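Spelled out, the chains give:
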Amino acid sequence: AIVMLNMGGPLMVPETYDFLKNLFMDGDLIPLPFQRAIAPLIAKRWTPQIEKQYADIGGGSPILKYTEMQGAGMCELLDELHPETAPHKPYVAFHYVNPLTQETAQMIKAD
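Residues numbered from 1 in each chain as written. Predicted model: local features only at pLDDT ≥ 70, side-chain atom pairs only at ≥ 80, totals over all residues. Heavy atoms only, no water.

(A) Spatial organisation of the overall build of the chain. On a plain count of helices and strands, the chain comes out with 4 helices and 2 strands. For a compact globule of 111 residues, the expected C-alpha radius of gyration is about 13 Å, and the chain comes in at 17 Å, more than 25% above that figure. The buried share of the chain, taken over its 111 residues, is 29%. Considering only residue pairs separated by 6 or more positions, the chain has 59% of its internal contacts joining residues 24 or more positions apart. Summed over its atoms, the accessible surface of the chain is roughly 7400 Å², and 62% of this surface lies on carbon and sulfur atoms. Taking the average place of the 8 positive charges on the side chains of the chain and the average place of its 13 negative ones, the gap between the two points comes to 13 Å. (Helix = DSSP H or I, 4+ residues; strand = E, 2+ residues; numbered from the N terminus. Rg over C-alpha atoms; globule rule 2.2 N^0.38 Å. Buried < 20%, exposed > 50% of the residue type's maximum accessible area, 1.4 Å probe, protein only. Contact = heavy atoms within 4.5 Å. Areas by Shrake-Rupley, 256 points an atom, 1.4 Å probe, with all protein chains shown as cover. Lys, Arg positive; Asp, Glu negative; His and termini not counted. Charge placed at Lys NZ, Arg CZ, Asp CG, Glu CD.)

Here's what the structure looks like:
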């Protein structure tokens, strides 16, 4: 399995608030005092502006599409360079939106 890890981005505009809330709740990325109380407020404040930006580029983040393309390309190259371990299968795992890391781990285990 080839796992492509990323923070992610909302696939559709309505997912923007949840993405931002998860992002601002991450004390390892953005340490804030009173994180649990402040993060949702910051996300709510930023959501309209960020939703407009995602709407302007087509209605959501393109990060999943491009990450899937990168993973597929990497697997093709690995299949060619290391046929003894082929086929290689790409997976995408995001930290703040679907497909979340835990879900991807379960898919890998099932496969």
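(B) Quick look at the side chain of glutamine 35. Here glutamine 35 shows up in helix α2 (residues 35-56). According to the relative accessible area criterion, glutamine 35 is buried, its value standing at 14%. Polar contacts involving the side chain of glutamine 35 include one to the main-chain carbonyl oxygen of phenylalanine 24, which spans 2.5 Å. Here the side chain of glutamine 35 touches leucine 32 through a polar contact of 2.9 Å, landing on its backbone nitrogen. (Polar contact = N/O pair within 3.5 Å; in protein donor to acceptor, adjacent residues only side chain to side chain.)

(C) Representation of the packing of aromatic side chains. Scanning the entire structure with this criterion turns up 1 aromatic pair. Relative to tyrosine 96, the ring of phenylalanine 19 lies with its centre 6.3 Å away and its plane at 75°, an arrangement referred to as edge-to-face. Pair noted here: phenylalanine 19 is in helix α1 (residues 16-25) and tyrosine 96 is in the loop between β2 (90-94) and α4 (101-110), with a separation of 77 residues, a long-range link. Summarising the burial analysis for this pair, phenylalanine 19 and tyrosine 96 share the class buried. (Phe/Tyr/Trp six-rings, centres within 6.5 Å; stacked < 30°, edge-to-face > 60°.)

(D) Representation of α2 in the model. Helix length check: α2 (22 residues) gives 30 Å between terminal C-alpha atoms against 32 Å at 1.5 Å per residue, within 8%. Helix geometry: α2 is bent most strongly at threonine 47, by close to 45°, with proline proline 48 lying one to four residues after it. Here α2 has its buried residues at Gln35, Ala39, Ala43, Thr47, Ile50 and Tyr54. Contacts made by the buried residues of α2 are with α1. Where α2 terminates, the next one or two residues include glycine 58, which has phi positive at roughly 115°. (Expected span 1.5 Å × (residues − 1). Bend = angle between axes of the 7 residues up to and from the residue.)

(E) Layout of unusual backbone geometry. For the peptide bond that leads from alanine 86 to proline 87, omega is 0°, which places it in the cis range. Positionally, proline 87 belongs in the loop between α3 (63-81) and β2. The backbone phi angle of phenylalanine 34 is positive, close to 55°, even though this residue is not glycine. If you trace the backbone, phenylalanine 34 turns up in the loop between α1 and α2.

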